[in-house]
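What follows is the residue order along each chain.
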Amino acid sequence: VAGRVVRIDTFSKFVAPGFRLGWVSAPPPLLAKLTEATQVSSQGGSQPTQAILAHLLRGWGRDGLEAHLKSLQAEYFRRAAALQAALTRHVPAALASWRPPQAGMFLWLRIDDRLVQDSEALMPQLRESKVVVVPGCKFHCQGTPTPYVRISFAMATDADMDVGVQRLGGLLIS
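So, here's what we can say about the structure. Counting starts from 1 at the beginning of each chain's written sequence and moves along it residue by residue. With the structure being a predicted model, the display of local features is reserved for residues of pLDDT at least 70 and the display and counting of side-chain atom pairs for 80 or more, all residues being used for whole-chain, interface and lining totals. Neither water nor hydrogens contribute to the side-chain values; these are computed over all heavy atoms in the structure.

### A word on the packing of helix α2 (residues 47-90) against helix α4 (residues 158-173)
Inference 1: Interaxial angles span 0 to 180 degrees and are taken between N-to-C directions of axes, which are lines fitted to C-alpha atoms, for helices over the stretch in contact. Where helices and strands are cited, they refer to DSSP runs of H or I of at least four residues and of E of at least two residues respectively, numbered from the N terminus. Interaxial distance between α2 and α4 falls to 9 Å at its minimum, and their mutual angle equals 30°. The element α2 and its partner α4 pack so that their crossing is right-handed. Between α2 and α4, the residues in contact are Arg-78, Arg-79, Ala-82, Leu-83, Ala-86, Leu-87, Arg-89 and His-90 and Asp-158, Met-161, Asp-162, Val-165, Gln-166, Gly-169 and Ile-173, respectively.
Inference 2: Polar here means any residue outside two lists: the nonpolar Ala, Val, Leu, Ile, Met, Phe, Trp, Tyr, Cys and Pro, and the charged Asp, Glu, Lys and Arg; Gly therefore counts as polar. Classifying every residue of the contact of α2 with α4 gives 7 nonpolar, 3 polar and 5 charged. Crossings are classed by handedness, with left-handed meaning an anticlockwise turn of the near helix from the far one by less than a right angle and right-handed meaning a clockwise turn. Should any heavy atoms of two residues lie within 4.5 Å, those residues are considered in contact.

Put into C-alpha cells, the structure is as follows:
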C-alpha cells in the first residue's frame, strides 16, 4: 500500500478563499509528473498570490501558523454551536436531524423522509425564502436524490444563521 496515497490540500480553507492555492503530497515519481504537467499548462497558481502567501507564512512561522489554525478552529466550533442552537430553536426534531460537526465549516441536515425524499425539490422554495443551502445530491457521485442538505457556517453571522434557520424551519413546518 505504501506509495499509493495522493493527498491534495488547499490554503483556501484556512488562509484566504481567494488564494486558490494548494499542494499535493504523493510518491516522488508521481509528483515529478504532476510538476511537469503543471509547468506546461495554465493550471499553475497566480505568482503574485504565491508571493503574498509565502510572505505571510514566513512572517507567521510555524508557531504563528499553529496559533492561527487554533484560533480558526475555535471560531468554527463557536459558529457550529450557534447554527445548532438556531436549529434547536427553529426546526422541530420530528422534521429534521443532524450530528454536531467534528471539524470543518459545514453541517449536514437530514430532512425527515415524510417531508421530502429529495432535498433538491425544496430548492425553489428555499431560494424564494432567501435560504442558502446545498442539496445533498450535489455531493453524491451519481447525483442520487437524498434528504440531506449541507449548511455552511463559515461566513454567515450568528444573526443571519438564526434568520435563515428560522425561515428553513418555517418552510419545513408548512
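### Quick notes on the environment of Gly-45
Inference 1: Here Gly-45 is to be found in the loop between α1 (28-39) and α2.
Inference 2: With 26 residues separating them in the primary sequence, Gly-45 and Phe-19 have C-alpha atoms 8.5 Å apart.
Inference 3: Beyond its immediate sequence surroundings of up to four residues, Gly-45 is in contact with Leu-21 and Gln-50.

### What about the sheet that holds strand β6 (residues 148-152)?
Inference 1: DSSP bridges decide pairing: two strands pair if at least two such bridges lie between them. The antiparallel open sheet is built from 4 strands, whose spatial order is β3-β4-β6-β5. A strand with exactly one partner marks an edge of an open sheet, and here the two such strands are β3 (96-98) and β5 (134-135).
Inference 2: Across 2 bridges, β5 lies against β6 in antiparallel orientation. In the sheet register, Pro-135 faces β6, and the bridge partner there is Val-149.

Everything listed here is a matter of coordinates, which is why it stays silent on function.
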